[in-house]
Amino acid sequence: MATTSAPLAEPEGLTLDIEGQRPPFVRRFSDSVVRFARSSPIGMVAVGVWVLMFIMAVFAPILSPFDPLEADYGAIRAAPTAEHILGTDQLGRDLLSRIIYGARITLIVSITAVFIGDLIGFVWGIASGYLGKRFDLISQRVVDVLMSFPGLILALLLLVVLGAGLVTVIVAISVTRIPSATRVTRSVVLSIKEMSYVEAAKMIGASNIRIMVRHVAPQVVAPILVVATLHLGGAIFAESALSFLGMGIPPPAPSWGNMLGGVLAAAFRPPWWLVIFPGVAITVAIMAANLFGDAFRDFLDPKLRQRID
Amino acid sequence: MARKLNTPPQADNGGRNVGRRTFLKMMAAGAAASALAACAAPTGGEQAAPAAAPTAVPTPEAMATGAGMMRPGGNPQRGGTLRTAFGVTMTHFDAHQGGGTHVLSHMYNNLVRNNLVDGLRTIIPDLAESWEVGEGGLSYTFALREGVTYHDGEPFSAQDVVATFNRILDPPEGIVSPLRANFTFVDSVEEVDDMTVRFNLSSPRPFFLNLLTPTNALIYSKKSLEENNYDLREVIAPGTGAFRFVDHLPAEKWLMEANPDYWDPELPYVDGLEMLHVPAWSDRGTAVLTDQADMSWNVAKETWDEGMNRPDTITANKLANFGAYWVFINNREAPFDDPRVRKAIHLAVSKQNLAAAFGTQELINITRWVPQGDPYATTPEALSTMPGYRAEKDEDVATAQQLLADAGYGDGITGVELLAAAGPQGELLAPAFQDMLKRQLNIETEIRIVERALLGSEQQAGSYQLMVHTRGHSVSDISPRGNLWWATGGSQNFGGYSNPDFDTLLGSIDVELEVETRQGQIDDAQNLLDENPPEYLVGYTFHLPMWNNRVKGLALDERAFAEWGRMETVWIDQDA
Amino acid sequence: MSKYLFNRLLIAIPTIFGVTVLIFLAMRVIPGDPLQLIVSESDGIYVLSGEELQALRASLGLDRPYHLQYLDWIAQVISGDMGSSFWNKEPISGMILRRGPISAQIAIMAVLLSWLIGVPIGMLSAMWRNTMMDHLSRVGITVFIAVPSYWLGLLIILFTVLVFSWRPPITIIQLWEDPLGNLSMTVLPAMALGLGLSAGTARMARSAALEVLFEDYIRTARSKGLRETLVVWRHVFKNAMLPVVTTTGLALGGLLGGAVSVETAFAVPGLGKLLVQGMTERDWMMIQNLVLLYGLIYVIINLLVDLSYAFLDPRIRYE
């Protein structure tokens with residue numbers, strides 16, 4: 001981007017003018033929440049489920065009846081009783097306590113992975129779409145490569161290299177979120193790149209970085225948020241599947257996925273409580289994430305909602 | 001064990017044995033029972049089988065016929081194919097370089113083998129018809145069986161034995177020889193004549209014959225060794241065994257057929273073997289339960305329990321074996337360089353609890369440093385009151401806490417890494433070990449899970465503090481593995497253990513022929529290891545064979561220990 | 001059209017190149033040396049000496065510079081030779097040929113199942129919008145989209161084991177060898193995968209059908225007095241199927257990934273289980289080639305999906 005003219009005075013003033021172009025979403029966030037609650041009761045229920053999960057995660061030490069790591073060698077794989085409401089696992093650990101603590105891993109992994117992955121996709125997509133030319137071309141080929149693997153397989157490949165662990169699982173899952181976030185961001189950027197206010201900023205000689213940060217990025221916030229909420233369910237699934245396969249969260253940390261791993265392998269008659277309860281937790285969490293994502297998308301893009309519903 | 005040893009020696013083959021007096025004493029002591037085979041070796045038409053299979057009364061035809069293989073009793077029927085379920089993949093086909101002998105061994109013979117008739121408690125002839133021990137136990141001369149041919153028609157002779165063992169003792173470049181470590185004291189193997197072979201030893205070893213019995217100590221022909229440049233990894237070399245190779249569908253199955261020219265004209269009874277590859281532990285038992293296979297050498301505990309509930313169709317058993325679970329301790333760095341800390345762990349962590357934690361997977365056989373199945377092992381009764389091994393833990397834990405306090409760690413230890421393999425070891429054993437270290441000794445550990453294949457390299461690099469891992473051996477005697485694992489500078493002493501008292505004692509144990517003396521020395525050695533433990537022994541495992549009731553002739557209900565090997569005596573009872 | 005086809009294929013070339021480089025590099029930084037353990041598998045530990053290890057590496061060509069190793073690998077793959085597994089010596093191409101059909105069969109059956117269940121439900125739900133049927137099916141769709149396929153698999157096994165004491169066969173049975181045995185191995189995994197997929201299909205079919213139902217020509221058709229069902233079958237079905245078919249192509253990617261965990265849950269001897277096994281055993285030749293295979297299949301599916309879009313909707317052209 002060759003800038004021939006010297007930067008003009010008072011670019012801030014200009015920015016203020018452009019402020020008016022920003023979508024109402026950024027300006028009136030709290031109003032939006034209220035409107036969201038009115039527009040989508042199901043979405044609010046989903047939010048409620050997630051709030052419950054947060055409470056479970058934060059207050060796990062208070063809520064859980066036992067230490068999730070404490071083994072009881074006298075009560076190995078005991079069926080549900082009054083003491084252990086959901087039964088115990090292969091080491092006599094209380095299943096309910098482990099599920100409560102498991103919410104921590106589910107939340108930490110899914111939210112962090114989606115945040116990191118989509119943030120990278122967001123920045124990359126803006127740069128790729130706005131700068132265009134060779135950078136865009138190369139970026140898109142790299143994204144093509146990342147998109148050439150089914151997500152779970154790419155995550156598995158990364159985990160073989162990085163080794164199992166909380167941080168590596170977050171890294172692996174976030175990498176699998178990058179391509180779609182980049183693509184969505186880029187396509188939005190391409191459509192607003194030619195808009196008058198971006199052109200105007202260019203005309204007055206604002207730097208590329210400045211235009212991307214102040215003028216382009218705000219336009220992409222809403223779509224990337226939709227992508228992120230829709231990614232949450234996928235991230236929860238990915239964590240649980242990787243841990244189920246023994247490549248994700250290593251034991252003894254209670255993760256809903258690793259609690260399901262190995263349950264059938266050892267058992268000719270599998271203890272049903274060890275199969276059912278962790279799976280229900282995973283399903284509910286994914287369902288809540290999906291419902292919230294759908295409601296949030298419809299809320300931001302009512303046209304789409306009208307069309308589908 | 002005792003059952004066998006109460007029987008008097010059967011065949012006295014005329015004092016051919018120079019070292020006989022020694023061996024008779026050993027026998028009387030009830031130890032090293034296998035050595036008595038040196039006297040019991042059948043020659044000519046002599047009926048040599050000791051009446052040692054107490055449950056099955058041997059019928060005349062089932063006993064040794066002429067020079068034939070001794071085999072368990074019953075009225076064998078001919079025909080049928082035995083289907084086994086097990087992991088039968090291997091990286092290559094060279095048994096001496098680590099090829100899977102639970103598959104390969106059916107096609108070959110050893111010089112001598114463990115006797116199925118008394119449940120592997122004695123050693124009987126295989127390709128060697130008889131043997132003599134030289135003065136001071138310094139030489140072993142084997143008279144070889146006449147008229148044996150390889151599957152390619154090549155006749156068997158002393159040259160094959162020499163070529164086989166020379167490759168083991170002195171492998172050419174590019175050949176790895178895991179067996180070599182067992183035979184460090186063998187000076188030479190020489191061909192006395194076409195049908196006689198002599199092993200010359202630099203110092204005596206009371207367990208020498210036992211070293212020839214493992215399924216991987218099988219005999220290759222000189223011809224195949226030479227034709228393949230002494231590397232049999234890529235070829236399935238012809239053997240002398242009861243079964244011939246038919247087909248190998250990798251990762252699926254092996255097919256073998258009966259060898260019509262086998263040197264024992266009676267054997268084998270079945271027409272062939274179909275060894276199904278069943279990689280998943282639990283699926284092996286499931287395969288037997290659902291009649292997709294006739295037997296499996298070792299099944300998951302849960303399926304074994306299920307099999308025990310179906311006596312009408314299924315029989316299951318538990319056999320001592322020489323594979324164990326350990327928590328290896330790196331002795332080189334604080335705090336584990338202090339023997340008191342290691343002893344505290346040895347005392348405080350309950351083996352019974354670990355066994356319970358692992359109960360869905362395998363049956364843990366709580367033993368000392370010498371496992372059950374070896375004649376020198378401490379009896380389970382004695383173990384049940386011994387500190388560190390007994391179920392009652394309060395006193396041991398108090399001692400352990402005191403030891404830790406003496407070592408300066410009265411408040412506990414933090415930041416210790418506990419390495420374990422992904423899978424049941426990492427999911428069950430490691431968390432249980434962690435839990436007890438924390439609860440009893442306030443030692444806080446962080447579990448790190450790595451893929452099973454990585455544990456070995458971490459161990460060899462010495463880059464660990466604590467590591468849950470398996471380790472086993474094919475010969476039960478303490479001497480070979482003592483030198484590898486616990487002797488100062490031993491080639492597999494990865495934890496850097498060094499105990500001069502133990503080293504000295506081990507030197508005596510290696511060469512002691514007097515059984516009672518040796519028993520005392522081994523007891524002392526075990527005490528030294530309890531006092532100053534190199535690592536934590538979770539326990540040896542029981543192997544859990546399970547088979548359909550129609551499978552006979554393998555003495556699976558009788559064996560002193562598990563041996564995944566030859567099956568020429570198997571027969572299928574069509575009426576069962 | 002042919003220009004578009006050409007362009008689209010041209011772009012696939014650097015993608016595939018990138019895929020191979022990524023896999024190759026990943027396998028070279030993988031921690032741990034599987035060679036060290038080759039001998040230790042069956043009869044206890046044996047430690048390779050430095051020279052022995054060196055000799056082994058040389059015999060496998062692992063001492064050559066990276067770029068040559070990369071070219072070796074590509075040349076091998078192109079010639080159809082994928083090397084062999086470290087642990088069992090089996091040629092990997094042979095393993096793929098024997099296990100691939102099982103995995104492919106499960107995937108195809110899952111897709112067919114998703115159409116059989118998903119399309120009718122989606123269409124009925126659209127036609128009877130806001131009825132009980134619609135509400136129920138939408139709840140079902142929401143639930144089944146969220147249920148992880150491998151957990152559904154575990155539930156199915158739990159059910160068959162506890163109720164019928166039945167477990168799927170453990171050895172490879174091809175459809176052409178023993179159809180019944182083969183189906184008893186593949187139907188349940190296909191169900192576990194297919195039910196989640198049908199939810200997605202139903203959702204897509206429903207919205208596509210709704211869109212069509214309000215188009216003018218449907219109204220015209222109705223006003224002309226054609227019977228309702230005929231209208232639906234002639235117009236709605238045809239139009240609803242198009243997006244379903246193309247989105248199924250996209251869903252196949254998720255299906256390939258999901259199949260890995262479902263095959264593990266059922267212990268089905270397919271490619272996915274092989275991949276997981278290879279990963280836990282550090283059988284990197286196997287990982288390298290299987291991941292490449294998955295990548296190539298996915299690239300090809302994406303290519304076909306793009307082409308079908310372009311074919312069905314002439315407005316879409318690349319760039």
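Quick caveat: nothing in here was measured; it's all calculated off a predicted structure. (Residues numbered from 1 in each chain as written. Chains lettered and ligands numbered in written order. Predicted model: local features only at pLDDT ≥ 70, side-chain atom pairs only at ≥ 80, totals over all residues. Heavy atoms only, no water.)

(A) Expanded view of the overall build of chain A. Counting secondary structure elements, chain A contains 15 helices and zero strands. Within chain A, buried positions represent 55% of all 309 residues. Here the analysis covers contacts within chain A between residues at least 6 apart in sequence; of these, 73% occur between residues at least 24 apart. For chain A, the exposed surface amounts to about 13100 Å²; the carbon and sulfur share of it is 69%. (Helix = DSSP H or I, 4+ residues; strand = E, 2+ residues; numbered from the N terminus. Buried < 20%, exposed > 50% of the residue type's maximum accessible area, 1.4 Å probe, protein only. Contact = heavy atoms within 4.5 Å. Areas by Shrake-Rupley, 256 points an atom, 1.4 Å probe, with all protein chains shown as cover.)

(B) A look at the sheet that holds strand β18 (residues 536–543) of chain B. Residues and elements named next belong to chain B. Spatially, the six strands line up as an open sheet ordered β14-β18-β13-β17-β15-β16, and their pairing is mixed. Two strands close off the open sheet at either side, each with one partner strand: β14 (364–365) and β16 (443–450). Summarising the sheet, strand β15 (residues 413–421) and strand β17 (residues 466–472) pair through two bridges and their orientation is parallel. Considered in β17, the bridge of Leu418 is made with Leu466. On top of the sheet, helix α16 (residues 478–486) reaches β13 (319–329), β17 and β18; it is set at about 155 degrees to β17, its chief contact. (Pairing = 2+ DSSP bridges. Axes fitted to C-alpha atoms, helices over the stretch in contact; angles between N-to-C directions.)

(C) The interface of chain B and chain A, seen in detail. Facing 25 residues of chain B, the contacting portion of chain A comprises 21 residues. Each partner contributes to the roughly 1900 Å² buried at the junction of chain B and chain A, and carbon and sulfur atoms together form 58% of this total. It is Glu302(B), Glu427(B) and Ile449(B) that lose the most area in chain B upon contact with chain A, and together they represent 25% of the buried surface on that side. Across the contact surface, chain B and chain A share one salt bridge. Here Glu302(B) ties to Arg77(A) by a salt bridge, and the two come within 2.4 Å at their closest N and O atoms. (Buried area = accessible area lost by both parts, 1.4 Å probe. Salt bridge = Lys/Arg side-chain N within 4 Å of Asp/Glu carboxyl O.)

(D) Spotlight on the interface of chain A and chain C. Contacts between the two partners involve 42 residues from chain A and, on the opposite side, 56 residues from chain C. In this assembly, chain A and chain C are joined by one salt bridge. Among the elements of the structure, α7 (133–146), α8 (151–162), α11 (208–244), α12 (256–260), α14 (272–300) and α15 (302–308) of chain A are those that each provide at least two residues to the side of chain A that touches chain C. At twelve residues, α14(A) tops the list of elements feeding residues into the side of chain A that touches chain C. Broken down by class, the residue content of the side of chain A that touches chain C amounts to 30 nonpolar, six polar and six charged. (Nonpolar A, V, L, I, M, F, W, Y, C, P; charged D, E, K, R; others polar.)

(E) Just the environment of Trp297(B), in detail. Residues and elements named next belong to chain B. Mapped onto the elements, Trp297 comes out in the loop between β11 (295–296) and α9 (301–308). Residues Trp297 and Glu563, spaced 266 residues apart in sequence, show a C-alpha to C-alpha distance of 8.6 Å. Excluding its chain neighbours within four sequence positions, the residues that come into contact with Trp297 are Phe86, His543, Leu544, Pro545, Leu556, Arg559, Glu563, Trp564, Gly565 and Met567.

(F) The packing of helix α10 (residues 339–348) of chain B against helix α14 (residues 424–441) of chain B, seen in detail. Residues and elements named next belong to chain B. Orientation of α10 relative to α14, taken along the N-to-C sense of each, is 105 degrees, at an axis distance of 10 Å. Relative to α14, the element α10 is oriented roughly perpendicular. Note on element contacts: α14 touches α10 through Phe433, Leu437, Gln440 and Leu441, opposite Ala344, Ile345 and Ala348. Taken together, the residues that form the contact of α10 with α14 break down as six nonpolar, one polar and no charged. (Parallel < 35°, antiparallel > 145°, perpendicular 65-115°, else oblique.)

(G) Geometry of unusual backbone geometry. In the segment running from Leu267(B) into Pro268(B), the intervening peptide bond is cis, with an omega of -10 degrees. For the bond running from Ala334(B) to Pro335(B), omega is 0 degrees, close enough to zero to count as cis. For Lys133(A), which is not glycine, the phi dihedral falls at a positive 50 degrees. As for its position among the elements, Lys133(A) is in helix α7. With a phi angle near 65 degrees, Tyr230(B) is a residue other than glycine that sits in the positive phi range. Within the element layout of this structure, Tyr230(B) appears in the loop between α7 (222–227) and β8 (243–249). Looking at Tyr230(B), the relative accessible area reads 26%, which means it is partly exposed.

(H) Region of the structure containing the packing of aromatic side chains. Counted according to the given criterion, the structure contains 35 aromatic pairs over all chains. On the basis of an interplanar angle of 90 degrees and a centroid distance of 6.4 Å, the ring pair of Phe17(C) and Tyr70(C) is categorised as edge-to-face. With a gap of 53 residues between them, Phe17(C) in helix α1 (residues 2–28) and Tyr70(C) in helix α3 (residues 66–78) connect regions that are remote in the sequence. Taken together, the ring pairs in this structure connect Trp131(B), Tyr140(B), Phe142(B), Phe165(B), Phe183(B), Phe185(B), Phe199(B) and Phe208(B) into an aromatic cluster. In this structure, Lys318(B) is placed above the aromatic ring of Phe542(B), and the distance from its NZ or CZ to the ring centre is 4.7 Å. (Phe/Tyr/Trp six-rings, centres within 6.5 Å; stacked < 30°, edge-to-face > 60°. Lys NZ or Arg CZ within 6 Å of the ring centre and 35° of its normal.)

(I) Region of the structure containing α3(C). With 13 residues, α3(C) should cover 18 Å at 1.5 Å per step; its first-to-last C-alpha distance of 18 Å lies within 8% of that length. Looking one or two residues past α3(C), Gly80(C) carries a phi angle of roughly 90 degrees, positive in sign. (Expected span 1.5 Å × (residues − 1).)

(J) Representation of the environment of Arg167(C) within the structure. The residue Arg167(C) is located in the loop between α6 (149–164) and α7 (179–213) in this model. For Arg167(C) and Gly122(C), which are 45 residues apart along the polypeptide, the C-alpha to C-alpha distance reads 33 Å.

(K) The arrangement of the sheet that holds strand β7 (residues 196–201) of chain B in detail. Residues and elements named next belong to chain B. Taken in spatial order, the four strands line up as β4-β5-β7-β6 in an open sheet, and their pairing is antiparallel. Of all strands in the sheet, those bounded by a partner on one side alone are β4 (128–133) and β6 (186–193). Each adjacent strand pair in this sheet contributes to an overall mean axis angle of 20 degrees, direction not counted. Relative to strand β5 (residues 139–144), β4 is paired through five bridges, and the arrangement is antiparallel. Directly across from Glu132, in β5, lies its bridge partner Thr141. Relative to the sheet, helix α5 (residues 158–169) contacts β5, β6 and β7, its axis offset from that of β6 by approximately 165 degrees.

(L) Local environment of a nonpolar patch on the surface. Residue and element names in this part refer to chain A. Together, Val51, Leu52, Ile55, Val58, Phe59, Ile62 and Leu63 give the surface a local cluster of nonpolar side chains, amounting to about 670 Å² of exposed area. Those elements that provide at least two residues to the nonpolar patch are α4 (41–58) and α5 (60–63). At four residues, the largest contribution of residues to the nonpolar patch is made by α4. Secondary-structure assignment places Ile62 in helix α5. (Patch = residues over 30% accessible without salt bridge, like charges linked within 9 Å, V, L, I, M, F, W, Y side chains within 5 Å.)

(M) The arrangement of the pattern of salt bridges in detail. All names here are of chain A. Going through the model one piece at a time under the given rule, you end up with 44 salt bridges over all chains. Close ionic contact of Arg186 with Asp136 constitutes a salt bridge, the shortest N to O distance being 2.7 Å. Placement of Arg186 in helix α9 (residues 166–193) and of Asp136 in helix α7 is noted, with a sequence separation of 50 residues between them. The exposure class of Arg186 is buried, given its relative accessible area of 19%. Overall, the relative accessible area of 11% leaves Asp136 in the buried class.

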